[in-house]
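Reading the structure
One letter stands for each residue in the lines below.
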Number of protein chains: 8
Amino acid sequence: MNRNTILDLLAAVERGELSPAAASDRLTNLPFEDIDHTKIDHHRSLRSGLPEVIYAAGKSAEQTAEIFSRMAAAGSDVLATRADSTTAQYVQEKTPAAVYHIQARAITLRQSLTDSARGRIAVVCAGTSDIAVAEEAAVTAELFNCSVDRIYDVGVAGLHRLLSVRDELTAADAVIVCAGMEGALPSVVGGLVGVPVIAVPTSVGYGASFSGAAALLGMLNSCSPNVVVVNIDNGFGAAYTATMIARGSQGR
Amino acid sequence: MNRNTILDLLAAVERGELSPAAASDRLTNLPFEDIDHTKIDHHRSLRSGLPEVIYAAGKSAEQTAEIFSRMAAAGSDVLATRADSTTAQYVQEKTPAAVYHIQARAITLRQSLTDSARGRIAVVCAGTSDIAVAEEAAVTAELFNCSVDRIYDVGVAGLHRLLSVRDELTAADAVIVCAGMEGALPSVVGGLVGVPVIAVPTSVGYGASFSGAAALLGMLNSCSPNVVVVNIDNGFGAAYTATMIARGSQGR
Amino acid sequence: MNRNTILDLLAAVERGELSPAAASDRLTNLPFEDIDHTKIDHHRSLRSGLPEVIYAAGKSAEQTAEIFSRMAAAGSDVLATRADSTTAQYVQEKTPAAVYHIQARAITLRQSLTDSARGRIAVVCAGTSDIAVAEEAAVTAELFNCSVDRIYDVGVAGLHRLLSVRDELTAADAVIVCAGMEGALPSVVGGLVGVPVIAVPTSVGYGASFSGAAALLGMLNSCSPNVVVVNIDNGFGAAYTATMIARGSQGR
Amino acid sequence: MNRNTILDLLAAVERGELSPAAASDRLTNLPFEDIDHTKIDHHRSLRSGLPEVIYAAGKSAEQTAEIFSRMAAAGSDVLATRADSTTAQYVQEKTPAAVYHIQARAITLRQSLTDSARGRIAVVCAGTSDIAVAEEAAVTAELFNCSVDRIYDVGVAGLHRLLSVRDELTAADAVIVCAGMEGALPSVVGGLVGVPVIAVPTSVGYGASFSGAAALLGMLNSCSPNVVVVNIDNGFGAAYTATMIARGSQGR
Amino acid sequence: MNRNTILDLLAAVERGELSPAAASDRLTNLPFEDIDHTKIDHHRSLRSGLPEVIYAAGKSAEQTAEIFSRMAAAGSDVLATRADSTTAQYVQEKTPAAVYHIQARAITLRQSLTDSARGRIAVVCAGTSDIAVAEEAAVTAELFNCSVDRIYDVGVAGLHRLLSVRDELTAADAVIVCAGMEGALPSVVGGLVGVPVIAVPTSVGYGASFSGAAALLGMLNSCSPNVVVVNIDNGFGAAYTATMIARGSQGR
Amino acid sequence: MNRNTILDLLAAVERGELSPAAASDRLTNLPFEDIDHTKIDHHRSLRSGLPEVIYAAGKSAEQTAEIFSRMAAAGSDVLATRADSTTAQYVQEKTPAAVYHIQARAITLRQSLTDSARGRIAVVCAGTSDIAVAEEAAVTAELFNCSVDRIYDVGVAGLHRLLSVRDELTAADAVIVCAGMEGALPSVVGGLVGVPVIAVPTSVGYGASFSGAAALLGMLNSCSPNVVVVNIDNGFGAAYTATMIARGSQGR
Amino acid sequence: MNRNTILDLLAAVERGELSPAAASDRLTNLPFEDIDHTKIDHHRSLRSGLPEVIYAAGKSAEQTAEIFSRMAAAGSDVLATRADSTTAQYVQEKTPAAVYHIQARAITLRQSLTDSARGRIAVVCAGTSDIAVAEEAAVTAELFNCSVDRIYDVGVAGLHRLLSVRDELTAADAVIVCAGMEGALPSVVGGLVGVPVIAVPTSVGYGASFSGAAALLGMLNSCSPNVVVVNIDNGFGAAYTATMIARGSQGR
Amino acid sequence: MNRNTILDLLAAVERGELSPAAASDRLTNLPFEDIDHTKIDHHRSLRSGLPEVIYAAGKSAEQTAEIFSRMAAAGSDVLATRADSTTAQYVQEKTPAAVYHIQARAITLRQSLTDSARGRIAVVCAGTSDIAVAEEAAVTAELFNCSVDRIYDVGVAGLHRLLSVRDELTAADAVIVCAGMEGALPSVVGGLVGVPVIAVPTSVGYGASFSGAAALLGMLNSCSPNVVVVNIDNGFGAAYTATMIARGSQGR
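If you're wondering where the values come from, they're calculated on a predicted model, not measured in any experiment. (Residues numbered from 1 in each chain as written. Chains lettered and ligands numbered in written order. Predicted model: local features only at pLDDT ≥ 70, side-chain atom pairs only at ≥ 80, totals over all residues. Heavy atoms only, no water.)

A few points about the sheet that holds strand β4 (residues 106-109) of chain G
Residues and elements named next belong to chain G. We apply this condition: Paired strands, as defined in this entry, are two strands with at least two bridges between them according to DSSP. Going along the chain from the N terminus, every DSSP run of H or I of four or more residues is numbered as a helix, and every run of E of two or more is numbered as a strand. Helix axes use the C-alpha atoms of the stretch in contact, all axes being lines fitted to C-alpha atoms, and the angles between their N-to-C directions lie in the range 0 to 180 degrees. By the convention used here, residues are in contact when the closest approach between their heavy atoms is within 4.5 Å.
Strand order in this open sheet of four strands is β1-β2-β4-β3, and the pairing throughout is mixed. Sheet topology places β1 (52-55) and β3 (99-101) at the edges, where each strand pairs with a single neighbour. Within the sheet, the average angular offset between the axes of one strand and its neighbour, ignoring direction, is 20°. Note that strand β2 (residues 78-81) and β4 share three bridges and pair antiparallel. For Ala-80, the partnering residue across the bridge sits in β4 and is Ile-107. Helix α5 (residues 61-73) contacts β1, β2 and β4 of the sheet and is inclined by roughly 180° relative to β1.

Listed below in structure tokens is the structure:
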């Protein structure tokens with residue numbers, strides 16, 4: 001029940017066409033989402049100002065293409081994550097303007113007017129194998145209209161490279177750090193910057209990396225207090241929150 | 001906002017004292033719990049017909065005694081779980097009618113009229129060390145007005161004893177089985193009865209029992225499809241659900 | 001040895017054809033199941049009133065088809081779970097009346113007279129990826145002659161949708177909640193209803209979901225005391241117990 | 001070596017008092033921190049604008065008191081976390097203006113001029129047992145000059161209470177959510193607000209909560225993309241990052 | 001119901017005093033253990049020829065002393081494991097002939113005639129810290145009337161010592177090997193002997209020994225095929241099975 | 001260096017051809033296995049009287065066939081475990097008398113004279129999916145010249161079937177019990193027999209069975225003290241030790 | 001910025017062409033690696049004197065071949081680890097002098113002058129399945145110009161074989177021990193030698209070996225104090241450190 | 001049997017007093033350690049040139065004092081690790097020259113002539129709470145006659161401090177790095193030096209540090225190939241191996 005529906009109902013009471021008791025019953029039992037006149041995902045999109053997102057991993061190429069095109073039809077920006085190239089083909093057939101980002105395994109469609117970027121995010125990764133996750137973060141943040149600095153292949157075993165990009169790091173409103181193996185990079189970066197660092201453990205590694213669990217534990221135990229953590233390989237989630245932070249610093 | 005509040009508001013609209021638009025605003029933004037006119041625990045108590053419960057483990061003896069007496073003053077039945085004897089003394093000082101069940105580490109107060117018991121629960125345990133958990137379940141179910149059959153010390157290494165109580169088992173509306181170590185008893189009991197079996201892993205054991213985790217895993221993998229599981233040592237939760245089941249079988 | 005066999009034996013003693021000593025020996029050593037005159041699965045089916053079940057995952061398509069047709073020949077309702085489409089083809093070749101439920105990966109055959117449904121179960125799931133498990137539960141419960149309300153895609157990140165189906169939830173005799181990722185939905189549903197909630201963790205998720213372990217742990221630690229848990233992806237087991245509960249509430 | 005030291009050195013070269021070769025040697029081998037003229041903690045404090053922090057858990061009461069007084073003497077705001085009451089006594093003896101927050105187990109000293117708060121943080125917790133961690137977060141954020149809304153005891157099993165505080169939640173620049181047991185609250189809160197949610201798993205629970213690991217896993221798998229996670233019981237770290245976020249939204 | 005009871009019943013049928021139908025009812029419903037005329041523990045003792053055992057860890061000193069004296073009164077040999085010195089005092093007060101083995105933390109009472117030992121067991125341990133577990137095994141086996149060779153402090157880092165006792169090892173009917181830390185000793189011993197090796201992981205170690213889990217895993221993965229494993233610190237269980245093996249080799 | 005070599009050396013000393021000092025040096029540094037005149041596997045085979053074994057899983061079909069034929073040429077009995085049908089073809093090409101046991105995934109060659117079996121082993125399994133592991137145990141024990149009773153599909157959820165085979169169980173010198181899921185069967189069997197029970201957890205199950213870890217933990221925590229455990233799916237190892245036990249009972 | 005660059009800058013100050021203030025700014029902000037005039041990998045290669053290494057597992061055959069040829073062009077020795085045969089073909093097409101080591105899954109190119117080997121390493125493994133990891137270590141060490149003794153198939157269940165190679169073991173400057181399953185070999189070897197033992201757990205095993213975790217834990221808990229550990233299957237890392245140790249013993 | 005014993009035996013053969021056959025028998029059956037004429041610890045001490053060590057944690061103060069004084073009487077250097085102050089008092093009563101190192105919880109006695117140190121070790125730690133473990137390493141290495149550089153409190157969140165000690169780091173023959181929490185420091189140090197880095201995870205941390213397991217996993221997954229790892233808190237083992245390495249670089 002949206003606001004109009006409520007107004008109609010109250011007007012009926014005012015006109016004497018509906019008794020207060022009957023109106024009370026209907027109001028008390030209103031399904032909550034009817035008040036907001038939207039189903040959940042639209043609701044979130046409206047509230048956060050961020051586009052619709054499709055998690056393609058658990059869906060068929062056809063399903064993803066169908067949902068994508070329906071969202072596109074609604075005029076909003078659209079993002080599909082964890083999409084393989086087959087899915088991309090299906091999507092682009094139905095929505096030719098969609099762009100496939102092969103490293104990020106993401107499909108994007110931008111329909112909003114792109115005013116100047118709101119906020120600046122640095123996306124850092126430790127090794128070349130972490131780039132897929134880093135790109136998922138970078139592509140997401142760019143679709144969300146953030147300016148993104150990609151700083152790749154700056155692992156902690158070679159501090160020189162990392163220290164040489166300190167200026168770019170300190171210029172960011174939020175930093176996303178993707179790292180597998182021992183997951184030490186966020187702690188080091190956290191000590192270099194004065195903004196929140198969102199750490200993304202990646203499933204890169206072998207043996208006792210336990211598919212990213214070692215990196216995850218390392219990040220949770222970071223000695224830098226400005227490090228927060230998301231799930232293994234969750235570049236999207238990191239970018240989602242980083243965008244909120246970066247945007248916040250320029251006025252929501 | 002309870003029903004009366006809503007009626008007052010609608011009456012004001014009817015009387016023309018409040019515009020539909022203003023009423024709409026107030027209604028849309030009503031805190032949800034005001035509609036139900038109750039805070040959560042009372043709400044649950046009313047809906048489920050089960051008494052108030054205090055988890056004493058994380059509270060001081062004084063705090064538990066204070067909450068207990070306030071609930072008692074409200075006229076309801078009261079249960080405090082995980083209470084040591086010091087806590088029991090504090091509670092009984094303020095609420096002399098409270099009863100302390102030393103094995104169950106539970107304090108109960110019955111104020112409701114005890115009509116005939118509604119439903120019958122068998123509480124089974126594997127070894128003498130599981131009795132504390134079993135008693136927490138038994139005392140809880142009794143306060144909830146269920147008839148309880150205690151069937152203790154019937155481990156799977158000695159089937160004779162278990163088979164000798166088959167009649168009591170099959171007479172129950174629901175069976176609670178508490179077991180530590182390998183946690184095999186619920187599977188065996190599940191094969192003997194035609195009602196739900198609520199399995200409670202206990203932290204009894206040593207070494208590779210990992211404080212109840214071995215029993216928990218065993219129960220989750222039960223080959224009897226009528227076995228469901230609660231948290232380690234959670235006799236209270238088992239009794240709570242078993243009461244709902246047993247009660248249901250005689251009409252809610 | 002069934003009752004008739006025992007009577008025959010005792011009659012032989014009475015007639016003096018068998019000495020007490022010889023009869024004693026035979027009675028003491030009777031295989032237990034001979035007393036009940038049935039092998040285990042039939043036994044369970046008879047006692048619980050629920051149909052025969054085949055777990056197809058560990059069997060060849062031929063084996064499942066063979067067992068299915070033998071059970072069908074016995075006149076009972078039959079259910080095969082975890083069956084892929086190849087298995088379904090084999091089964092339907094031998095038992096044309098069998099129905100394949102593709103989402104549930106289940107094959108059913110109903111031969112019993114379908115009187116009015118006994119009990120009502122709500123099957124709830126958090127996301128579209130949980131639907132396979134939810135459907136296994138729903139199809140099972142329906143074959144067991146329960147009325148089923150499917151309430152899908154109502155995750156906790158969007159409360160509006162969940163709150164809008166509160167009426168259906170509270171109308172159920174038991175609620176099954178399937179959820180992966182953080183497994184939070186059963187706790188929320190548990191707070192909304194006054195009946196048992198059977199939580200089914202699903203293996204949906206990635207990274208630190210550890211194939212359903214995160215959801216499992218979340219459900220075991222639920223703050224709602226009416227939540228009980230079954231194994232990861234075990235929709236069948238949830239429906240089996242839920243049916244017992246729902247049926248119980250209308251008289252066994 | 002601070003800027004003045006470098007200028008002196010270069011001036012000596014300009015004056016011909018130091019050869020380029022000799023200056024080159026001294027510059028190349030400068031300990032890095034001397035360039036920045038500060039040891040690490042002061043450095044971080046200066047860069048982030050946040051006060052000095054002492055982790056008291058691994059230190060004796062005397063050590064903490066000594067460090068606290070030295071920091072106080074430097075004129076900065078000071079925070080000691082994980083401090084018991086004995087430690088508080090020692091600290092207050094040496095630094096009478098220090099304040100002990102018993103629930104938060106934190107000692108604070110404010111010496112900076114308190115202008116109007118910069119940013120607003122909501123600190124939410126699920127149960128009364130989570131309050132210690134929530135208070136550590138709240139006290140930290142307040143010392144960092146943020147406005148804090150405490151929203152306690154709003155667990156997911158009783159949505160009414162949570163929904164009734166939606167206004168306070170949506171007014172915050174960042175939300176900290178502390179929860180033990182199943183750790184479901186951050187997901188639900190994440191769905192209600194359009195700002196970052198920092199989830200703090202607490203070690204509250206028993207059995208399969210595994211001292212907070214269950215809550216931690218739940219939060220990492222949150223279906224709300226604006227949820228980020230810190231270590232178990234790490235209220236301080238959550239507040240540190242939340243302050244950075246909240247502050248950012250009003251201009252760093 | 002023992003054999004005599006059954007004979008009486010059948011005799012009554014023979015005499016015509018009891019109808020076959022009535023006898024059938026009573027026989028069908030006989031509690032299983034009544035047929036065997038014993039409760040479980042006695043039953044096991046009779047069948048295996050091994051004495052009664054009390055696990056003292058979960059019982060009060062008074063309880064253990066009471067059970068011990070009742071078993072002693074029945075004339076059997078008695079063993080209490082995991083008994084501290086206080087418990088030993090209580091037991092010896094009631095049963096002066098009981099012997100306390102301080103390293104083994106076991107109390108024994110021998111009442112059977114000690115004919116020549118049946119079978120020979122070697123009890124081996126890796127370090128001095130494993131001796132408590134080794135002694136529990138040794139004392140148990142001795143009470144069970146086995147000859148025991150104690151071979152202590154022969155860790156794998158010093159093969160000389162181990163190789164010097166090869167004669168004693170090869171003379172045993174079964175070998176018990178207790179080891180903490182990496183748990184490598186059973187594999188090495190297994191390669192030296194041609195009899196079963198029962199490996200007992202001990203909780204000795206620190207850090208990544210995880211209270212015996214590392215040793216347990218090592219033993220389960222032994223490359224010697226004659227190694228079988230019991231629970232961490234379970235010297236009693238190892239001796240129980242070893243006795244059965246050793247005894248078997250000389251005729252049961 | 002075999003005994004003859006040593007005698008030669010000593011004779012040289014006796015003849016004065018070698019000084020004691022030179023002989024001492026050579027003796028002290030003798031490679032240990034040369035004294036025993038055999039390499040390890042032959043050594044073990046000779047000592048234990050059990051045949052040669054090839055673990056085929058980590059080898060190519062060609063490698064296994066080659067090793068198999070060389071062992072066969074030496075005249076001994078040969079066993080290859082974890083062999084797929086391709087490997088079997090290769091082996092049988094080179095060694096036509098070899099037999100492939102498809103369920104057991106084992107290849108055997110018997111060349112020894114088969115006198116009457118030495119000892120009797122019962123191989124028990126819980127469900128049809130455990131049969132592969134059970135057959136590996138049974139085939140191994142048979143090649144080792146033990147009499148084997150196969151008792152399959154007697155899970156704990158249906159005690160009748162298990163109780164009906166009690167005679168076969170109690171007739172065995174050792175019992176092997178294979179079970180997946182909750183792994184409860186060894187405890188129940190352990191309570192029914194007076195001989196060692198070797199428990200083999202199988203990787204059968206799903207979800208929280210964690211590929212056999214749940215069954216393994218259950219068995220390690222068995223309340224029956226005559227239960228010992230081997231690695232997950234290790235039917236071979238169980239048979240190896242069971243044979244030693246069974247053989248022992250009739251004289252080694 | 002290398003030394004020359006700094007000298008130029010300082011000379012400019014001396015000449016009065018650059019003010020001290022401007023020079024100070026440029027010096028303070030120099031990227032660290034510019035001072036060292038190299039990017040990280042070259043830097044490490046120069047400092048340690050060890051060749052360039054490519055981890056091929058996460059790269060396409062083309063990528064590996066491209067990097068390999070670029071490194072080869074620079075004149076250095078090159079090593080690619082975890083390379084399958086397809087990758088080897090690509091590499092050899094571009095760099096015909098490259099050698100593929102099939103068991104080690106490694107590709108090497110030696111371009112340096114091979115003077116006499118510096119240091120001696122023994123590479124030991126327990127079973128034939130560990131040879132792949134052992135060969136990765138051996139091939140790496142040989143490319144690093146170490147002398148390597150391969151001592152394979154000397155598991156702890158057969159001490160004779162191990163003891164027979166004691167001379168080779170004690171001749172090494174460092175010993176690498178690769179073992180799966182229970183991981184006991186490093187402890188035994190550690191007791192036989194007086195040099196560092198680098199233990200490499202391998203993922204060989206099944207069931208409770210948990211892909212090498214059991215071996216890893218065993219090695220970390222070694223009772224030999226000269227045992228240090230690297231990641232599961234990390235033959236390369238073991239050889240890298242062993243080379244440093246062996247080389248050190250002859251002068252760096 | 002030491003060399004003299006063998007010579008005596010061979011002389012008897014030479015003199016004709018012992019037949020070659022009889023001598024052969026005695027030689028073949030010699031306990032291995034008798035050939036080396038020493039029990040294990042003395043053996044290791046002689047071979048490695050490192051002193052005797054007592055692990056005091058599992059021993060009473062009296063036991064440790066007794067062993068310590070006996071070793072002291074033998075003239076060797078002595079080290080007791082994990083010793084509390086009570087144990088130190090007992091030791092010093094019997095061995096007044098013993099020194100107690102309170103932070104390291106170690107007792108040392110030096111009796112060897114201290115010539116110039118052999119090799120140089122840097123002991124690095126991340127935070128003040130890691131100092132106990134670092135001191136155990138440092139004190140051990142010093143007793144082993146190494147020169148030790150202590151470099152404490154140089155965590156990765158503040159690179160300046162770490163970079164400022166690069167000269168000391170690169171001067172070492174081996175580096176020991178102790179770190180808890182995320183365990184990132186060894187990777188960073190490993191990138192700065194060209195010698196082996198022995199990483200010691202410490203049990204410092206809380207929550208998801210899981211008593212050092214997070215640090216351990218981080219170190220095992222280090223991206224620096226010169227990092228090897230020992231058990232959690234095992235400062236002694238790290239120093240033992242580091243001494244071997246450092247010593248090696250100057251000639252053993």
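As for the interface of chain B and chain C
Where we set the bar: By convention, the term buried area covers the 1.4 Å-probe accessible surface removed from two parts as they join, with the contributions of both added. Here, a salt bridge means any side-chain nitrogen of Lys or Arg that lies within 4 Å of a carboxyl oxygen of Asp or Glu. Under the grouping applied here, Gly and all other residues not named as nonpolar or charged are polar, the nonpolar ones being Ala, Val, Leu, Ile, Met, Phe, Trp, Tyr, Cys and Pro and the charged ones Asp, Glu, Lys and Arg.
Facing 33 residues of chain B, the contacting portion of chain C comprises 33 residues. For the chain B and chain C pair, buried surface summed over both sides reaches about 2900 Å², with 60% attributable to carbon and sulfur atoms. Linking chain B to chain C there are zero salt bridges. Elements with a contribution of two residues or more to the side of chain B that touches chain C: α3 (32-36), α4 (40-48), α10 (185-192), α11 (213-220), β9 (227-229) and α12 (235-248) of chain B. With seven residues, the top contributor of residues to the side of chain B that touches chain C is α12(B). Here the side of chain B that touches chain C is built from residues that sort into 18 nonpolar, nine polar and six charged.

Observations concerning the relation of the copies chain B and chain C
Stated formally: Copy-to-copy superposition: least squares on the C-alpha atoms, limited to residues that have pLDDT of at least 70 in both copies.
Least-squares fitting of chain B to chain C yields an RMSD of 0.1 Å, with the superposition described by an axial translation of 0.0 Å and a rotation of 180°. Within this description, the copies of the chain are treated as partners about a two-fold rotation axis. Of the interface residues in chain B, 100% have counterparts in chain C that sit at the interface too, so the contact is made through matching surfaces.

Here's the deal with the sheet that holds strand β4 (residues 106-109) of chain H
Whenever strands of a sheet pair, they do so through backbone hydrogen bonds, lying parallel or antiparallel. All names here are of chain H. If you walk across this open sheet you meet the four strands as β1-β2-β4-β3, and the pairing is mixed. What marks the edges here is a single partner per strand, and that holds for β1 (52-55) and β3 (99-101). Adjacent strand axes in the sheet meet at a mean angle of 20°, parallel and antiparallel pairs treated alike. Bridge count between β3 and β4: three bridges; the pairing is antiparallel. By the bridge assignment for β4, Tyr-100 is matched with Ile-107. Contacting β3 and β4, helix α6 (residues 85-94) crosses the sheet at an angle of about 170° to β3.

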